[in-house]
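# Summary of the model geometry
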Amino acid sequence: MNTVSSWRAVWLIAKRELNTRLRTRSFVVGTAVLLVMLMGYVLLQSTLISNEDKSKVGLTGQTAGIAQQLKTAGEAIGEKIETVTVADPAQGRSQVENGDLDALLSGNATELKVLVKSELDTKLRALLNGVSQQEVLNGILSEAQESPEQVMRTVHQTQVEVDSIKPPDPEKSQRMVIGLIVAVLLYMSIVTYGTLVAQGVVEEKSSRVVEILLSTVRPWHLLLGKVIGLGLVGLTQLVIIGGAGFIVASATDVLTLSGVATSALLWGVVWYLLGFLLYATVYGAMGSLVSRQEDTQSVIGPVNIVLILGFVVGFNLLAQAPEGTGTKVLSLVPLLSPVLMPARIAAGTVEVWEIVASLGLTVAAIALFTWLGARIYQNSVLRVGSRIKLSEALRG
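Residues numbered from 1 in each chain as written. Predicted model: local features only at pLDDT ≥ 70, side-chain atom pairs only at ≥ 80, totals over all residues. Heavy atoms only, no water.

### Focus: the overall build of the protein
Spelled out, the test is: Secondary structure is summarised from DSSP: a helix means a run of H or I of at least four residues, a strand means a run of E of at least two, and numbering begins at the N terminus for each. Pairs of residues are marked as contacts when any of their non-hydrogen atoms sit within 4.5 Å. To be clear on the numbers: accessible area is Shrake-Rupley with a 1.4 Å probe, and residue cover counts the displayed protein chains and nothing else.
The number of helices and strands found in the protein is 15 helices and four strands. Sequence-distant contacts, at least 24 apart, represent 74% of the contacts inside the protein between residues at least 6 apart. Carbon together with sulfur atoms contributes 60% to the accessible area of the protein, which is approximately 21,400 Å² in total.

### Let's talk about the pairing of strand β4 (residues 111–115)
The condition is simple: At least two bridges found by DSSP between two strands are what make those strands a pair.
The sheet contact formed by strand β3 (residues 103–108) and β4 spans five bridges and is antiparallel. Across the sheet, leucine 105 pairs through a bridge with valine 114, a residue of β4.

### Looking at the environment of proline 219
Relative to the helices and strands, proline 219 is located in helix α9 (residues 219–251). Residues proline 219 and glutamine 378, spaced 159 residues apart in sequence, show a C-alpha to C-alpha distance of 5.5 Å.

### What to know about the pattern of salt bridges
Two side chains with opposite charge may pair up if their charged atoms get near one another. The condition is simple: A side-chain nitrogen of Lys or Arg and a carboxyl oxygen of Asp or Glu constitute a salt bridge if their distance falls within 4 Å.
Taken as a whole, this structure holds three salt bridges when the rule is applied. Between glutamate 294 and arginine 292 there is a salt bridge, with the nearest N and O atoms lying 3.6 Å from each other. Sharing partners across several salt bridges, the network here consists of Arg292, Glu294 and Asp295.

### Here we look at a nonpolar patch on the surface
Quick note on the threshold: Surface patches are defined over residues having more than 30% relative accessible area and no salt bridge, joining like charges when they lie within 9 Å and nonpolar side chains (Val, Leu, Ile, Met, Phe, Trp, Tyr) when within 5 Å.
On the surface, Val29, Val33 and Met37 cluster together to form a nonpolar patch covering roughly 270 Å² of accessible area. For methionine 37, the position within the fold is in helix α2 (residues 25–52).

### Some remarks on the UniProt feature "transmembrane region" (unreviewed entry) in the protein
Counted only if it meets this: UniProt positions are given in the numbering used here, feature names are shortened, and annotations may be inferred rather than shown by experiment.
Per the UniProt entry, the sites bearing "transmembrane region" (unreviewed entry) are residues 26–44, 176–202, 222–247, 254–279, 299–318 and 355–377 in this numbering. Helix makes up 100% of residues 299–318 and strand 0%. Its end C-alpha atoms lie 30 Å apart.

### What about the side chain of serine 189?
On the secondary structure map, serine 189 appears in helix α7 (residues 172–206). Non-local contacts of serine 189, meaning those with residues more than four positions away in its chain, are made with Gly194, Gly234, Leu238 and Tyr272.

See below:
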C-alpha cells in the first residue's frame, strides 16, 4: 500500500537519481572533458577569426614605396594588411616557404610580381590588382596633364544605390554559430542521458532492486522519477557547459554575450526539457524489455538511429539552408523539434507561429509517448529472462 502521494513518490525517486549521479566521478570527469573540448573549439575559432582577414606581405626593392597604399586599400575592404620590408629576396622566399609571409612582392608598383607558397588569396589578389591598376591610371592621367586625385575623387563618388526589403541583421553570423552549437549540445545531452535512463532501468531490473521499489511505488512513479532525475542531471551539465562556453566566447570576441546569446541559452533549456521528456520515456520503456546490460543497445538502437539520422539531415539543412522549406518542415516534427527548433530560434529564421506549433506538437507527442512508455514499462519491468517483444509489452 502506498504511504506517500504520487508526486511525492516521483520526486523522491528523482531526488535519489539526482544526488547519486551528480556525485559520480563519471559526471565530474565527463563535464570537465566536454568543457575542455568546448574551450579548445572556442579558442580555435578565436584564432581563425583573428587571422581570417589578416595578411602579412613582404616588400622588396621598389615595392617598399606602396606599403601605405596597401594598408589603405586593405582597410577599405576590411582586410588588415601587415607589411614587412625584406632586404634579401632569398630570405623573403624562405619566409614564404615557412609560412611567415603570405606573399612577397617584387618589381615595381605598376608591374607587381607576387611570390606565394601555393595559392594567392582571392581578396589579396584583388587588392594587389587594384593598387597596381591605380598606379597605372595615375601615370596615364599625369601624362594627360590631368590631376589623378581629382579624377579618382570624381570616380569614387559614383556609387550604386542599394534598397533592401529587410534591414540587415548585424548578428546574423553570430546567430547561426549559436544555433549550430545549441543543436549539437542538445543532441549530445539527449542521447547521453536518454541512454543512461535505459541503462538504469536494466540495472535495477537485473539486480531485482526494482521488485523492492515497486512494493511501495507504482511503475509509472519509478519511470517518471528516473526520467526527471536524470533530466535534471543533464540540464545541470548543459547549463554549466553552455554558460561557460558563452562566457569564454564573449571574452575571446568569438561571440557577443548579448540578448541573442541569452535568449538562445533560455530556449535551449526549454527545448532540452521537452526533448528529454520525449525521448527519455521511450529509452526507459525500451530498456525494460531486456534484463542484461549487454542487450541494452539492441533495444535502444532504433531510437538512436531515428535521432541520429534526423539530427544529421537537419543539421546539414540548418547549416546550408536555414530558411529553406526542408529545414522548416523537419523542425516541426516532434522527434526533431527539440534539436532543430532552438537552433532556428537562435539563428533568427523562425516565425512565431512555427514556435507555437512545434511546442504544441511536441507536448502532444510527449503525452502520447509517456502513455505508451508507461504501458510498456509496467508490463515488462518485472519480467526477467529473455528479451520481451515490443508487441507483447504493449498488449500486457
